[in-house]
Amino acid sequence: MEKRLKQYLEFYRSAAEGEENIEERDNFCQKMLVQIQFFQHERLIHLIVTVLFALLAVITILAALIIQEPAVLLLCLMFFVLLIPYIRHYYILENGVQKLYEYYDRIESGRG
């Protein structure tokens, strides 16, 4: 997903800066909105998963403080190992979608 987002960001950046010739601006903007919606959906799903893993990590930390079993500490470690890549991926999606909004506004208004 990250590779796909970077490709779209580069394409829409060049379109927003006027490097791409946009003849049918309305049609181009409609197609861009569809791609933005795809990335928004992906962002929402990853937000839900990231929050779930964060909650599970906090719960296992609390359980580790109460139970003090090695298995609970291992589970806590596993949640954190998974949480870090999820946070990174969500960060990339969030910033990419915000950039797409900016490019859309520039393309839609007709200024590069």
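The following paragraphs examine the structure supplied in this document. Sequence positions are assigned chain by chain, starting from 1 and proceeding in written order. pLDDT decides what is reported in this predicted model: residues at 70 or higher carry local features, side-chain atom pairs at 80 or more are listed and counted, and totals for whole chains, interfaces and linings draw on all residues regardless. Values shown for side chains rest on all heavy atoms present in the structure; no hydrogens or waters enter the calculation.

Some thoughts on the environment of Ile36
Secondary structure counts use DSSP, requiring at least four H or I residues in a row for a helix and at least two E residues in a row for a strand, with both numbered from the N terminus. Positionally, Ile36 belongs in helix α2 (residues 25-67). With relative accessibility at 4%, the residue Ile36 sits in the buried group. For the pair Ile36 and Gly96, spaced 60 residues apart in sequence, the C-alpha separation works out to 9.6 Å. Two residues form a contact once any of their heavy atoms are found within 4.5 Å. With residues near it in sequence (within four places) discarded, Ile36 still touches Leu100, Tyr101 and Tyr104. A simple rule labels every residue: compare its accessible area, found with a 1.4 Å probe on the protein chains alone, to the largest value its type can have, and call it buried under 20%, exposed over 50%, or partly exposed in between.

What about the environment of Arg106?
In this structure, Arg106 sits in helix α3 (residues 70-109). Separated by 94 residues in the primary sequence, Arg106 and Tyr12 place their C-alpha atoms 9.9 Å from one another.

Quick look at helix α1 (residues 2-16)
The periodicity of an α-helix, 3.6 residues per turn, causes residues three or four positions apart to be oriented the same way. Here, expected helix span is obtained from the residue count minus one, scaled by 1.5 Å. The end-to-end C-alpha distance of α1 is 21 Å, a good match for the 21 Å that 15 residues give at a rise of 1.5 Å each. Summarising the contacts, the buried residues of α1 are in contact with α2 and α3. Phi turns positive, to about 85 degrees, at Gly18, one or two residues after α1.

With respect to the pattern of salt bridges
For salt bridges, the criterion is a side-chain nitrogen of Lys or Arg within 4 Å of an Asp or Glu carboxyl oxygen. Scanning the entire structure with this criterion turns up seven salt bridges. The salt bridge partner of Glu10 is Arg13, with a shortest N-O separation of 2.5 Å. Taken together, the residues Glu10 and Arg13, both in helix α1 and three residues apart, mark about one turn of the helix. Arg13 sits in the partly exposed class, given a relative accessible area of 21%.

Comments concerning the nonpolar core
Here, the term nonpolar core denotes a set of buried Ala, Val, Leu, Ile, Met, Phe, Trp, Tyr and Cys residues that are joined through side-chain atoms within 4.5 Å. Ranked by internal contacts, the top residues of the largest apolar core, which has 17 residues, are Leu5, Tyr12, Met32, Leu100, Tyr103 and Ile107. At the level of secondary structure, the elements contributing two or more residues to this core comprise α1, α2 and α3. Broken down by element, the residue count for this core peaks at seven residues, all from α3.

Concerning the packing of α2 against α3
What describes two packed helices is the angle between their axes and the distance between those same axes. Convention adopted: a line fitted to C-alpha atoms gives each axis, helices being fitted over their contacting stretch, and angles between N-to-C directions are expressed from 0 to 180 degrees. With their axes 7 Å apart at the nearest point, α2 and α3 run at an angle of 160 degrees to one another. Judged on the interaxial angle alone, α3 and α2 are roughly antiparallel. With respect to the hand of their crossing, α2 and α3 are arranged in left-handed fashion. Note on angle classes: values under 35 degrees are labelled roughly parallel, values over 145 roughly antiparallel, values of 65 to 115 roughly perpendicular, and the remainder oblique. Handedness of a crossing follows from how the near helix is turned relative to the far one, being left-handed for an anticlockwise turn of less than a right angle and right-handed for a clockwise one.

Regarding the packing of α1 against α2
It is the contact of α1 with α2, at a shortest axis distance of 12 Å, that shows an interaxial angle of 150 degrees. Considered as vectors, α1 and α2 are oriented roughly antiparallel to each other. The element α1 and its partner α2 pack so that their crossing is left-handed. Here α1 contributes Arg4, Leu5, Tyr8, Phe11, Tyr12 and Ala15 to the contact with α2, which in turn contributes Phe28, Lys31, Met32, Gln35, Phe38 and Phe39. By residue class, the composition of the contact of α1 with α2 is nine nonpolar, one polar and two charged. Ten residues, namely Ala, Val, Leu, Ile, Met, Phe, Trp, Tyr, Cys and Pro, are considered nonpolar, four, namely Asp, Glu, Lys and Arg, are considered charged, and the remaining ones, Gly among them, are considered polar.

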